[in-house]
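Working through the structure, step by step
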Amino acid sequence: MHKWYSFLFEIIVEQFLLYADLFFYSETILQQIVPPVLNSFSDQDSRVRYYACEALYNIAKVVRGDFIIFFNQIFDALCKLSADSDANVQSAAHLLDRLVKDIVTESDQFSIEEFIPLLRERMNVLNPYVRQFLVGWITVLDSVPDIDMLGFLPDFLDGLFNMLSDSSHEIRQQADSALWEFLQEIKNSPSVDYGRMAEILVQRAASPDEFTRLTAITWINEFVKLGGDQLVPYYADILGAILPCISDKEEKIRVVARETNEELRAIKADPADGFDVGPILSIATRQLSSEWEATRIEALHWISTLLNRHRTEVLHFLNDIFDTLLKALSDPSDEVVLLVLEVHACIAKDLQHFRQLVVFLVHNFRVDNSLLEKRGALIIRRLCVLLDAERVYRELSTILEGEADLDFACTMVQALNLILLTSSELSELRDLLKKSLVNPAGKDLFVSLYASWCHSPMAIISLCLLAQTYHHASAVIQSLVEEDLNVKFLVQLDKLIRLLETPIFAYLRLQLLEPGRYTWLLKALYGLLMLLPQQSAAFKILRTRLKTVPSFSFNGEQIKRTSSGNPYSQILHSMPSGSQFSEDGDVNSDVGSSHGGINFASRLQQFEQMQHQHRIHGKAQAQLRSSSTSSSKEVQRPQEQHRPPPSDISRPSSRSSRKAPGQLQL
């Protein structure tokens, strides 16, 4: 039967060629001859398919341009034959394919509009032979001047990008070559549909294949340069594709992505022209959770840029991005944290947003102790630079003054106090506080901080030493009771003693050269010395410092150096009985009222009230812990009754385990 089909094909073709001139290639004759041949391409016998190719080749060779009316059917048949299992059939199909391409390039009757849907349907086929066949047709048709393949590029662009990840190097190369040709045409074409293609490129930029990502991001780079206003609606999508590529493992992709990002950010789009800030802000905010530091950094640069250019529009979305920006303060990267703070500072230029920032910041410190411990100093110091240190500290003090969580308030105040005493960024604030007794601005700041600093005895003492209110510092020390002198207090006291030896307190150490004038400073320092365990390092440091103070005795007329005895006791004994120092350097009989405009009696009362609240809170916490411990012991007691008593229960403790007098074991 198959031999008969082959023989019949040969006779039909020979007769057709013999009487071709008589038929005049009429459409009626072709309609009778071509369809049976096309149907034979589906025959199971490879020889029938082979002779069908040969027959159609000879028919096409004779009729040439009139053959176009069957192009879609022939293209479909050739597409299937290109992947035929028989090598001879494939070879014959290739010959027929070349002839059909020649006919199409010469014909003026070919309809690209009818062909594109056929091409689009087959672009996602995975067979390598079919892919080669399709790329070949795209390349040939694109080379025909009268056929505008560029106008239909969005219909098959995704398929070409899909071929870039093919396992065959030859197919990847052919697809890349075709894409490169189209990109050159885009550069030279005045009219291009960038929008539809941008959507495809954005998706392909996230491909797992490196070559596909590189090609996609390269195309996006050119589109950003060429697209202009056409790409405004797609800026957010393009940014969403660029930011992850900035952290790509492939260096070439990173370089192109960074360049594209800079090009896109340099475009100053106007909301009046359809530019929507919301989607771009949403993309940038979403990328703050990226695992890659470089991507998070660029996302913050975008938020900062949008704030500078479109502040009003960005603030409309503040509720959507504020929580994410606060969480970013816990980022492991210092550079990210610093950029986040710049964004926060930019938002906080308005008074209401400044207050909101500080409130939320304190809240985050409260719920996340590690944030305060690891990032607290960095955050506070940077905000003081960006937003004015005095303004930041005043607002923090106002919030902490009414803080309900007393333990957190104490911890936070101690952290702020340490930053105040050590940070170079707060040097002007320290200078202002040093003038608290003579400068109205310094006095106002001292009073403002005092209210919240009352949460920590050591913070208050440090503030008084910094503000040179030594008499009040001594009064605060004298007001401390047994409950205040716990381990936490001694740790803070240890830090303060060491800080007194730093350059920040150089002025205080120099004042010790005039013990007659700065009597209350000496008394305050000796008071701190008496609170320290004698075996502690801080005790030795402070005692050594006080030993260097010149020994004086004065009788009101002259100051005479002495060589022995306690200098402080000599000063106290030699003071006139009818006078007291209200503050160092100024003798006044009325210490209980105010000095320099500050009512220290009222301040001391404020401190004592706050410490009273802390003591009540501490006792409540101790009782709670005690009750929970008692409950656990009662549960364990029935079990312990069955245990044998330890054999060495009456053995005395070893000498090495005893604490030396005054020694603090932490």
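Residues numbered from 1 in each chain as written. Predicted model: local features only at pLDDT ≥ 70, side-chain atom pairs only at ≥ 80, totals over all residues. Heavy atoms only, no water.

**Regarding the overall build of the chain**
The following threshold applies: The numbering of helices and of strands both runs from the N terminus, where a helix is a DSSP run of H or I of at least 4 residues and a strand a run of E of at least 2. By definition in these notes, contact holds between two residues if any of their heavy atoms fall within 4.5 Å. Exposure was quantified through the Shrake-Rupley algorithm and a 1.4 Å probe, taking into account, for residues, occlusion by the shown protein chains and nothing else.
For the chain, the count of helices and strands is 33 helices and six strands. Across the chain, every contact between residues at least 6 apart in sequence was considered, and the portion connecting residues at least 24 apart equals 70%. Accessible surface computed for the chain: about 33,700 Å², of which carbon and sulfur atoms make up 50%.

**Examining the packing of helix H21 (residues 369-387) against helix H23 (residues 406-422)**
The condition that has to hold: Throughout, an axis means a line fitted to C-alpha atoms (over the contacting stretch in the case of helices), and angles, computed between N-to-C directions, take values from 0 to 180 degrees. Should an angle lie under 35 degrees it is considered roughly parallel, over 145 roughly antiparallel, and from 65 to 115 roughly perpendicular; all remaining angles are considered oblique. Throughout, a crossing is termed right-handed when the near helix is turned clockwise from the far one, and left-handed when it is turned anticlockwise from it by less than a right angle. Only Asp, Glu, Lys and Arg are considered charged in this grouping, and only Ala, Val, Leu, Ile, Met, Phe, Trp, Tyr, Cys and Pro are considered nonpolar; every other residue, Gly among them, is considered polar.
Between H21 and H23, the shortest axis-to-axis distance is 10 Å and the interhelical angle comes to 50°. Viewed along their axes, H21 and H23 adopt a mutual orientation that is oblique. By crossing handedness, the relation of H21 to H23 is classed as right-handed. Every residue of H23 that contacts H21 at Leu372, Gly376, Ala377, Ile380 and Arg381 is listed here: Phe408, Thr411, Met412, Ala415, Leu416 and Ile419. Residues of the contact of H21 with H23, tallied by class, amount to eight nonpolar, two polar and one charged.

**Quick look at the nonpolar core**
To be explicit about the condition: The nonpolar core is taken to be a set of buried Ala, Val, Leu, Ile, Met, Phe, Trp, Tyr and Cys residues, with the residues joined through side-chain atoms within 4.5 Å. Note on classification: 1.4 Å probe, protein chains only; a residue is buried when its accessible area is under 20% of the maximum for its type, exposed when over 50%, partly exposed between these limits.
Counting residues in hydrophobic clusters, the biggest one holds 209 residues, and the most contacted among them are Phe67, Phe156, Trp219, Tyr393, Trp453 and Leu465. Trp453 has contacts with Tyr393, Val413, Leu416, Asn417, Leu420, Ala459, Ile460 and Leu463, leaving out every residue within four places of it along the chain.

**A word on unusual backbone geometry**
Phi at Asp388 is positive, roughly 80°, even though this residue is not glycine. With respect to the secondary-structure elements, Asp388 resides in the loop between H21 and helix H22 (389-401). Its identity is not glycine, yet Gln468 carries a phi of approximately 65°, on the positive side. Secondary-structure assignment places Gln468 in the loop between helix H26 (457-467) and helix H27 (470-479).

**Here we look at the side chain of Thr285**
Assignment of secondary structure puts Thr285 in helix H15 (residues 277-286). Beyond its immediate stretch of four places on either side in the chain, Thr285 contacts Ile303, Ile321 and Thr324.

**Regarding the environment of Val48**
On the secondary structure map, Val48 appears in helix H4 (residues 46-63). Taking relative accessible area as the criterion, Val48 reaches 2% and is therefore assigned buried. Put simply, Val48 and Val37 are eleven residues apart on the chain and 9.6 Å apart in space, counted from C-alpha to C-alpha.

**Comments concerning the packing of aromatic side chains**
To keep things clear, this is the line we draw: Here a pair means two rings of Phe, Tyr or Trp (six-membered ring of Trp) with centres within 6.5 Å. Their orientation is stacked below 30 degrees between planes, edge-to-face above 60, and tilted elsewhere.
Tallied over the entire structure, the rule returns 22 aromatic pairs. Aromatic pair Phe75 and Phe115: ring centres 5.0 Å apart, planes at 85°, arrangement edge-to-face. Here Phe75, found in helix H5 (residues 71-81), pairs with Phe115, found in helix H7 (residues 112-122); they are 40 residues apart in sequence, far enough to count as distant. With respect to class, Phe75 is no different from Phe115; both count as buried. Aromatic pair Tyr194 and Phe223: ring centres 5.0 Å apart, planes at 90°, arrangement edge-to-face. Residue Tyr194 is located in helix H11 (residues 194-204), and its partner Phe223 is located in helix H12 (residues 210-227); the two are separated by 29 residues in the primary sequence. Among the aromatic residues, those joined into a ring-pair cluster are Phe71, Phe75, Phe110, Phe115, Phe133 and Trp137.

**Things to note about the pattern of salt bridges**
Defined as follows: A pairing counts as a salt bridge when a side-chain nitrogen of Lys or Arg comes within 4 Å of a carboxyl oxygen of Asp or Glu.
The tally for this structure, following the rule as stated, stands at 29 salt bridges. Across the pair Asp155 and Arg196 runs a salt bridge, and its minimum N-O distance is 3.4 Å. Taken as a pair, Asp155 in helix H9 (residues 153-163) and Arg196 in helix H11 lie far apart in primary sequence, 41 residues in all. Residue Asp155 is classed as buried on the basis of its relative accessible area of 18%.

**Observations concerning the environment of Phe156**
Topologically, Phe156 is positioned in helix H9. Using a relative accessible area of 1% as the deciding quantity, one classes Phe156 as buried. Here Phe156 is in contact with Ile116, Leu119, Met123, Ile138, Met149 and Phe182, once residues within four sequence places are set aside.

**Examining the confidence of the model for the chain**
Definition in use: Note: pLDDT gives the predictor's confidence per residue, expressed from 0 to 100.
A residue-level look at the chain finds 83% of positions with pLDDT of 70 or above and a mean pLDDT of 83. Considering only residues more than four positions removed or in separate chains, one finds that residues 17-25, a stretch of pLDDT under 50, has ten contacts. In this model residues 553-582 is a low-confidence stretch, pLDDT under 50, and it forms 59 contacts with partners more than four residues away in sequence or in other chains.

**Observations regarding helix H19 (residues 334-347)**
Using the following cut-off: One fewer than the residue count of a helix, multiplied by 1.5 Å, yields its expected span. Any N or O atom pair separated by 3.5 Å or less is treated as a polar contact, with the protein-specific requirement of one donor-capable and one acceptor-capable atom, and with residues adjacent in sequence counted only for side-chain atom pairs.
Helix length check: H19 (14 residues) gives 20 Å between terminal C-alpha atoms against 20 Å at 1.5 Å per residue, within 8%. Counting buried positions along H19 yields ten of 14 residues, so the element is predominantly enclosed. Within H19, the full set of buried residues consists of Val336, Val337, Leu339, Val340, Leu341, Val343, His344, Ala345, Cys346 and Ile347. Against helix H16 (293-309), helix H17 (311-316), helix H18 (318-327), helix H20 (351-367) and H21 lie the buried residues of H19. For H19, the side-chain oxygen to backbone nitrogen distance between the N-cap and Glu335 is 3.3 Å, and the N-cap itself is Ser333.

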